[in-house]
Amino acid sequence: MTMMTDTAPGAPRGNHFAMHLVVALVLLAIGGGYVLYELFTFGKVQFNTTNAGVFWGFAIVVYDYFLLTSTGLVMVASLYYVFGLEEFRSVARRCLWLAFAAIIGGVAVLFLELGNPFVAIWATPLNLQTASPLFWKVLLVAAYSALLALVLLGKINTREDKGSVLMIPLAALAFIVTLVAGSVYGMMAMRPMWFGGDVPVVFLIESFIGALAFTVFFSHLKNGFNHGNMRPETRLLFEGTLARMFAISIGLHFILHAGRAVTGLWSNAEGMQVWQYLVANPLFHFAMWGCIALPFALMVLRATRSNGMIQILAAFLVMVGLLISRYEFIIGGQQVPLFKGTWAPELLHYSPSVGEWALLVLAVGLANSVYAFAAWQLGAEDRA
């Protein structure tokens, strides 16, 4: 039995996959070309982390953003493959390919940030720093990536693949990787903004909400951003079950994000004063109200969530808002110096260099190139 497509019978498919691939390759060439030029010419000194005292810069922001998007997409796909929710059948295979594309884009950025990633490949497992969540994160991400590739090579695309022996451990790995990624930050007691047992839960919610946003956006892209091209079943999914999941996830994200901000502003603990700087930044309010509150309202109201262009807008705003939130969390947590003296300012200031922004362009271009090629040639969409 062939995987159901979410394109309505008789709807024009066009050549948007090929065009998508061309645009993605252009972005990859621009971002990748600039990054490689800087690295080979100047080295990592072009990354502002070397002088600012912020050791995990924008590259780590981009890596974690794509990693959490990937694990979330596998969790969405598992709603069909593992839990048997028939409503998600038409988008399940797309979610797996998007997850694969996202992890490739994220890992590529991490490799470029590390400088010599091949040392990390053998040094991390052999050093056996088992007390560190980062040690387990590296091993689990490697296992997750390999299993995801194996699942796609196995061409999971039929109804009989519900409860697949490969999809069950893959979904479990996606869940565990997300929690461990949150623990990497949540267990750092020396960084008060990061420290807390709620951080893995925050990561889990953000992973799922990001996955739903990517599912909506790329499903519309697949149909040429024409809501009428979708099958009635998929339109019902996007206006019903998925929209409700999306709204609930956004609402939880808003509560957790606002709660952490209010706690940070109220607390007089050393290291929490960074919240005063973050909340005073217009970017915080753009993410809070424009990229969280607004999409929540759009997905809650039946009149707006049934509109295809509104769905696309809400998904795009959430995708942007999650990147901003990830940036504020990772960079903000490092802005208070660990070792203070007369030389140290109250807060360290950091902004990404052009080369670091190019890493984002590279990741977007690479991930979209992988997905567009898979959709065009490898049956990520309609073909078995």
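For the structure, check the block above.
1. Examining the packing of aromatic side chains
Then step 1. For the structure shown, the criterion picks out 20 aromatic pairs.
Then step 2. With centroids separated by 6.2 Å and ring planes inclined at 90°, the aromatic side chains of Tyr37 and Phe42 adopt a geometry described as edge-to-face.
Then step 3. Looking at Tyr37, the relative accessible area reads 48%, which means it is partly exposed.
Then step 4. The exposure class of Phe42 is partly exposed, given its relative accessible area of 44%.
Then step 5. Taken together, a centroid distance of 5.6 Å and an interplanar angle of 80° make the contact between Tyr65 and Phe66 edge-to-face.
Then step 6. Its relative accessible area of 10% is what places Tyr65 among the buried residues.
Then step 7. Taken together, the ring pairs in this structure connect Tyr65, Phe66, Phe214, Phe217, Phe218, Phe225 and Tyr371 into an aromatic cluster.
Then step 8. A cation over an aromatic ring shows up here: Arg191 above the ring of Trp194, its NZ or CZ 5.8 Å from the ring centre.
Then step 9. Stacked on the ring of Phe203, the Lys or Arg Arg326 has its end atom at 4.4 Å from the ring centre.

2. A look at the packing of helix 3 (residues 58-81) against helix 14 (residues 308-332)
Then step 1. Look at helix 3 against helix 14: their axes get within 9 Å of each other, and the N-to-C directions meet at 130°. Here helix 14 runs oblique to helix 3, going by the angle between their axes. Crossing hand, helix 3 versus helix 14: right-handed. Contacts between helix 3 and helix 14 involve Phe58, Ile60, Val61, Asp64, Tyr65 and Leu68 from the former and Met319, Leu322, Leu323, Arg326, Tyr327, Ile330 and Ile331 from the latter.
Then step 2. Residue composition of the contact of helix 3 with helix 14, by class: 11 nonpolar, no polar and 2 charged.

Criteria and thresholds
Residues numbered from 1 in each chain as written. Predicted model: local features only at pLDDT ≥ 70, side-chain atom pairs only at ≥ 80, totals over all residues. Heavy atoms only, no water. Phe/Tyr/Trp six-rings, centres within 6.5 Å; stacked < 30°, edge-to-face > 60°. Buried < 20%, exposed > 50% of the residue type's maximum accessible area, 1.4 Å probe, protein only. Lys NZ or Arg CZ within 6 Å of the ring centre and 35° of its normal. Axes fitted to C-alpha atoms, helices over the stretch in contact; angles between N-to-C directions. Helix = DSSP H or I, 4+ residues; strand = E, 2+ residues; numbered from the N terminus. Parallel < 35°, antiparallel > 145°, perpendicular 65-115°, else oblique. Left-handed = near helix turned anticlockwise from the far one by under 90°. Contact = heavy atoms within 4.5 Å. Nonpolar A, V, L, I, M, F, W, Y, C, P; charged D, E, K, R; others polar.

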